[in-house]
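Per-entry structural report
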Amino acid sequence: MIIGTGIDVVDIARFERTMQRTPRLRERLFAPSERDLRLPSLAARYAAKEALIKALGGSDGVHWTEIEIASESSGRPHFVLAGSTAAVIEERDIVSLHLSLTHDAGLAAAFVVAEGAPL
């Protein structure tokens, strides 16, 4: 059963300007394992975090650095959640999060599906 969906698009050039103006955003928005990635990859991860918040219907209990986007050996992205963010997922009976990322032509985008147990 689908509990929620979320999508977000980020203009990479605008994101880069924002990151240059406010360098502390890397620490505020990204898990330690994400911080050294190239800007297009960071923009896609930012979009993924925004899309997750949309799929959840809001950001209550969700903390940016508790949402990490990791990759399987195949390259497939997935969420690694910790702390109160992981608790929010459990409280809402979400059993699986599906994530798709892309970045091309100056844009980064993410789509998230939050899936609950079948009825």
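Each remark here, short or long, concerns the structure printed above.
Before going into details, it helps to say that this report is about the structure given with it. Position numbers for residues start from 1 in each chain and track the written sequence from start to end. Residues qualify for local features only when their pLDDT is at least 70, as the model is predicted, and side-chain atom pairs are given and counted only at 80 or more; totals for whole chains, interfaces and linings, by contrast, use all residues. Neither water nor hydrogens contribute to the side-chain values; these are computed over all heavy atoms in the structure.

Further remarks concern the packing of aromatic side chains. Only rings of Phe, Tyr and Trp enter the pairing, Trp through its six-membered ring, and a pair is recorded when the two centres are within 6.5 Å. The plane angle decides the type: under 30 degrees is stacked, over 60 is edge-to-face, the rest tilted. Applying the stated criterion across every chain yields a total of three aromatic pairs. Taking 6.5 Å as the distance between ring centres and 85° as the angle between the ring planes, the aromatic pair formed by Phe15 and Phe30 counts as edge-to-face. You can see Phe15 sitting in helix H1 (residues 12-21) and its partner Phe30 sitting in the loop between helix H2 (25-29) and helix H3 (39-56), a full 15 residues away along the chain. Buried, partly exposed and exposed residues are distinguished by accessible area as a fraction of the type maximum, computed with a 1.4 Å probe on protein chains only: under 20%, between the cut-offs, and over 50%, respectively. Note on Phe15: relative accessible area 7%, which makes it buried. The exposure class assigned to Phe30 is buried, which follows from its relative accessible area of 0%. When the ring of Tyr46 is compared with that of Trp64, the centres are 5.3 Å apart and the planes differ by 5°; the resulting orientation is stacked. You can see Tyr46 sitting in helix H3 and its partner Trp64 sitting in the loop between H3 and strand E2 (67-71), a full 18 residues away along the chain. Look at Trp64 and you get partly exposed, because its relative accessible area is 23%. Members of the aromatic cluster, connected to one another through ring pairs, are Phe15, Phe30, Tyr46 and Trp64. In this text, helices come from DSSP runs of H or I with a minimum length of four residues, and strands from runs of E with a minimum of two, each type numbered from the N-terminal end.

A few words now on the pattern of salt bridges. Here, a salt bridge means any side-chain nitrogen of Lys or Arg that lies within 4 Å of a carboxyl oxygen of Asp or Glu. Summed over the entire model, instances satisfying the criterion amount to three salt bridges. With its nearest N and O atoms 2.8 Å apart, the salt bridge here joins Lys54 to Asp8. Here Asp8 lies in strand E1 (residues 2-11) and Lys54 lies in helix H3, a separation of 46 residues in the sequence. Residues Glu72 and Arg76 are paired through a salt bridge, measuring 3.9 Å at the closest nitrogen-oxygen approach. In this structure Glu72 comes out as partly exposed when scored by relative accessible area, which is 35%. Under the relative-accessibility criterion, Arg76 is labelled partly exposed at 46%.

Unlike most non-glycine residues, Asp93 shows phi in positive territory, near 60°. In this fold, Asp93 is placed in the loop between helix H4 (83-91) and strand E4 (94-104). With a phi close to 55°, Ala105 is a non-glycine residue in the positive phi region. As for its placement among the helices and strands, Ala105 is situated in the loop between E4 and strand E5 (107-116).

With that settled, the discussion passes to the pairing of strand E3 (residues 77-81). The sheet contact formed by E2 and E3 spans five bridges and is antiparallel. For Ile69, the partnering residue across the bridge sits in E3 and is Phe79. Strands are labelled as partners when DSSP assigns at least two bridges between them. The turn linking E2 back onto E3 is made up of five residues, and Gly75 within it adopts a positive phi angle of 100°.

A separate point is H1. In an α-helix, one turn spans 3.6 residues; hence positions three or four apart end up facing the same way. Residues of H1 that are buried: Ile12, Phe15 and Met19. In a view along the axis of H1, the buried residues occupy a sector of 60°, so they form one face of it. Exposed and facing more than 90 degrees away from the buried side of H1 are Arg14, Gln20 and Arg21. Contacts between residues were defined by any pair of non-hydrogen atoms, one from each residue, lying within 4.5 Å. Those residues of H1 that are buried lie in contact with E1, H2, H3, E4 and E5. Pairs of N or O atoms within 3.5 Å make up the polar contacts considered here, provided that, within protein, one atom can donate a hydrogen while the other can accept it, and that residues adjacent in sequence are counted only when both atoms are side-chain atoms. Its side-chain oxygen placed 3.1 Å from the backbone nitrogen of Ala13, Asp11 serves as the N-cap of H1. As used here, the arc belongs to the directions running from the helix axis to the C-beta atoms.

Such coordinate-based values are descriptive only and should not be taken to indicate function.
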